[in-house]
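# Per-entry structural report
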Amino acid sequence: VAFMFNCVCTLLASARDILLFLLVIVYAYSAIGCMLFGGCLYLGNEKLEGSEYEETKLFALNFNDMISACSLWFVNLLCEYNAPIADGVHQSLPAYKQSAWLVFPMFYFTVVILAFELVAAFTIETFVALTSDQPESDDEEELADDDEVEEPKLEGLEKLAAELLEEDPPLCFHYTKSASAEQEEVYEMMFKNEEEEENEGDEGEDPWALEENADEEAKERWVLAKELWEAREQLGKIKSGQDMEGSESDEGDDMEYEEKDTKMSKYERAAWMLEDAISGRGFEWYPESMAARKVYLSYRAREVAYYKSIAVMFILGYFEVPLWCDTSASFAFKGGQERCQVGGPESIAYLSGLPQIPPGFTMLIELICLITVYLKLRSERKLQKKFFDKKKVNYINGTFFAVCYIAMLTSVWDVWIFGTFRPSARLAPYMRVVFMVCIPAVNRLLKALVGIINEWLSVVSFWMGTVGFFAWIGVTLLNDNEEVNTAGMKVNEGFDSFGSSVYTMFVASSSDDFVDKFNPTFTQNRAYGLLWIVCLFLSNFLFLNLILAMIFEKYAESFKNEMKKFQKNQTGSLHKAFRLVSTSVEGERVVKEQDFFELIRALNESASMQTLDEGHMKYVFRALDDDEGGSLEKEEFECVIDAIQFTFWITPKYSSLERKMPGVYKSQTMKVLKEWVWDKDPYDENATSKLDIIMNVILLLNTVVVVAESYYDMQHISTYTNMFTFVETIFGLLYVVEFMILMMCMSWAEYTSSTSRIFDCFTTWLLFCVSMLYYVPFANLERGLMHYANILRLLRLIRVLKSAQ
């Protein structure tokens, strides 16, 4: 259970980029749907009479606003091709838009069987990586402990935490990884096994091994080659030593943009390199001028604002007045039903219910966001043109810059057009998608899809060929059969022409509607079942699974290459930063404590970095210094890339009761309570103390009571209502007692350092207060709140499942 819970948590944490990519695609299709089909699907539309869309009452699934459109596409994503919705849209469209319904097959091919299969491939790859990292038995776990394996990064954090617990007074050291660090760790795990297999044959081999039967001439060439290699290595060390002192000759080129003698310190240059290393970027040359540093910091600050502006514009799309509605009142707040009226008085256009922001306000918000985008692009251009162009270093991706700049100008022009003429179509939603695609994480996944497009086209071509072939067979056999079977169905329904036959086979092969499509012919003659079985096996099973296998293989290969490039750039930038800030001690390059502090201070200047508090620097340094030598060697410094992506904080372990009432705190009762609370490893998330075990038992009993209470409520049996209320009050008191015990044994800062404990505190007092409402006059309010409070409280069972084996 614990392993499966960990798998789910890891998948959710590491799938951030791929889910964002899927959200961007759905957003793009939702914008297209709202513009093409907005106001077409509504209750009372005469064109929908007799359609399956109307018969099944699917009016809530429509394109009347962005949220409704996203919901519709989400249904199509899970149910694959949904024929009733597609047919309803086709029926409701005016004549000049009849071909627009083809967006549904396009969504199926590009999203359902390509992008969504990418999610499935990612899930499989991650699960395989997690299972391969797990020992299959206790014996294998013991062998794994005995073997020499790669130690986890930043293992010194646990050692430091144990040391701080021994101090007087004891301190608790906490740290959490950033989302990007969690994701990178999963990616490394995914491709670690493949790299080990590739390197397995090279282990233990001497690159300078000489063949036994080599002649004298070969031996002389071997000696000469080895001497040349050693001389090259020595020359590289000398050159590195020169680079470490920052004596590069390129600094004079930067002086034209700054006053004399204003130059970046080595810590600021190293900080720049480390920041690039985090994002997997690396460059052979970096400017040294302070002017470049200032422009770079401005660029980073505006980049943070840029991403926030993109998020604001993205979310704004869900609150904008749909273009098919009345957009004339620029600053008047009106309800959705007042703005979006369709048909006659009895017609109803179902909307999501979200409030609609008037067009005037949305245009102002959009313009402010576009100004932020412009400032970021201007900083990018200034940084590239002034400091990198002369060295022919492409620090800024020129293609992305051009695309974003064009999208920004197009968006400004679109805002002006919409504000002046109020057209029924806009380019702004698509420009927002362009901004999202330029985000590195989304773009990386888009490249992975583009890399498999040829294989995808070949498999889809075979699939469509199979559908067309069986459609031809179907129309050949059934075209002239106008009979009605014994169930009253027309035998050749869906096969009366080649076009309708192709659509029938497409729907049957891409959804679960094949029973309805093949039922008339199967009812007439069971022999048709053999034909349809062969068709479904090829199209619904074989080819679709072939697409998944192909995407899985190509995605893994593409992403593996991306990760290799990422790690190569990261390692190169990290080593350059080490050469800059390290000094020679007894012939070995190391980073001293004060140099490390200066480097972190330089990193803290960047708006895109997590700030590491001055008081925590010494603790992080101690955690990195595995050999406790007072300095960081190259191998130890490599873990800096992980440390700067962590969030650290220190809390006192024990409560203030220890200082204010020492007599009570040292009593025998308190000793027992402290043993109950602290009898576990505080840094093992799955560890449970004696108090946790007691409360888990109480929680399970509470679950049984809630289930029983729910059963009696559903059966409308009120005989035991008072008894259940009294029992729930007892449970509420027990949870309050648990809270009081924890407050007596640990500090408030330590208690609130855990998100789960904060949740427990909230639900404990909510449940207690609600249970107390039973004893005041307005008891009717109490019964409804009690159910919600218990549901919240039972979410704590997640912790029980997490620790279950």
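So, a few notes on the structure that sits alongside this text.

## Regarding helix α21 (residues 528-581)
If you check α21, its first and last C-alpha atoms are 77 Å apart, about what 54 residues at 1.5 Å a residue would give, namely 80 Å. L536 marks where α21 bends most, by close to 30°.

## A closer look at the state of the cysteines
What the rule picks out here adds up to 1 disulfide. Sulfur-sulfur distance for the disulfide between C325 and C340 comes to 1.9 Å. Every disulfide takes its handedness from the sign of the S-S torsion; for C325 and C340 that torsion is 105°, giving right-handed. You can see C325 sitting in the loop between α12 (290-316) and α13 (336-339) and its partner C340 sitting in the loop between α13 and α14 (359-388), a full 15 residues away along the chain. For the pair C325 and C340, one class covers both residues: buried. Between C438, a free cysteine, and C404, which holds the nearest cysteine sulfur, the sulfur-to-sulfur gap is 3.2 Å.

## Points about the nonpolar core
Counting residues in hydrophobic clusters, the biggest one holds 161 residues, and the most contacted among them are Y81, F104, F435, F596 and F637. Here the element with the most residues in this core is α21; it accounts for 18 residues. Aside from chain neighbours lying at most four places away, what touches F637 is L574, A577, F578, V581, V591, L599 and L632. Judged by nonpolar contacts, the second largest core, of 25 residues, contains M695, L699, C745 and L767.

## Brief notes about the environment of L574
Position of L574 among the secondary structure elements: in helix α21. Sequence separation between L574 and I278 is 296 residues, and the spatial gap between their C-alpha atoms is 9.2 Å. When sequence neighbours within four positions are dropped, the list of residues in contact with L574 reads L274, A277, F637, E638 and I641.

## Some remarks on the packing of helix α17 (residues 440-451) against α21
Direction vectors running N to C along α17 and α21 enclose 135°, while the axes themselves pass 9 Å from each other. Classified by the angle their axes make, α17 and α21 are oblique. For α17 against α21, the interelement crossing comes out right-handed. Here R444, L445 and A448 of α17 lie close against α21, whose contacting residues are Y555, S558, F559 and E562. Classifying every residue of the contact of α17 with α21 by side-chain character gives 4 nonpolar, 1 polar and 2 charged.

How each quantity is defined
Residues numbered from 1 in each chain as written. Predicted model: local features only at pLDDT ≥ 70, side-chain atom pairs only at ≥ 80, totals over all residues. Heavy atoms only, no water. Helix = DSSP H or I, 4+ residues; strand = E, 2+ residues; numbered from the N terminus. Expected span 1.5 Å × (residues − 1). Bend = angle between axes of the 7 residues up to and from the residue. Disulfide = S-S within 2.5 Å. Buried < 20%, exposed > 50% of the residue type's maximum accessible area, 1.4 Å probe, protein only. Core = buried A, V, L, I, M, F, W, Y, C linked by side-chain atoms within 4.5 Å. Contact = heavy atoms within 4.5 Å. Axes fitted to C-alpha atoms, helices over the stretch in contact; angles between N-to-C directions. Parallel < 35°, antiparallel > 145°, perpendicular 65-115°, else oblique. Left-handed = near helix turned anticlockwise from the far one by under 90°. Nonpolar A, V, L, I, M, F, W, Y, C, P; charged D, E, K, R; others polar.

Everything listed here is a matter of coordinates, which is why it stays silent on function.
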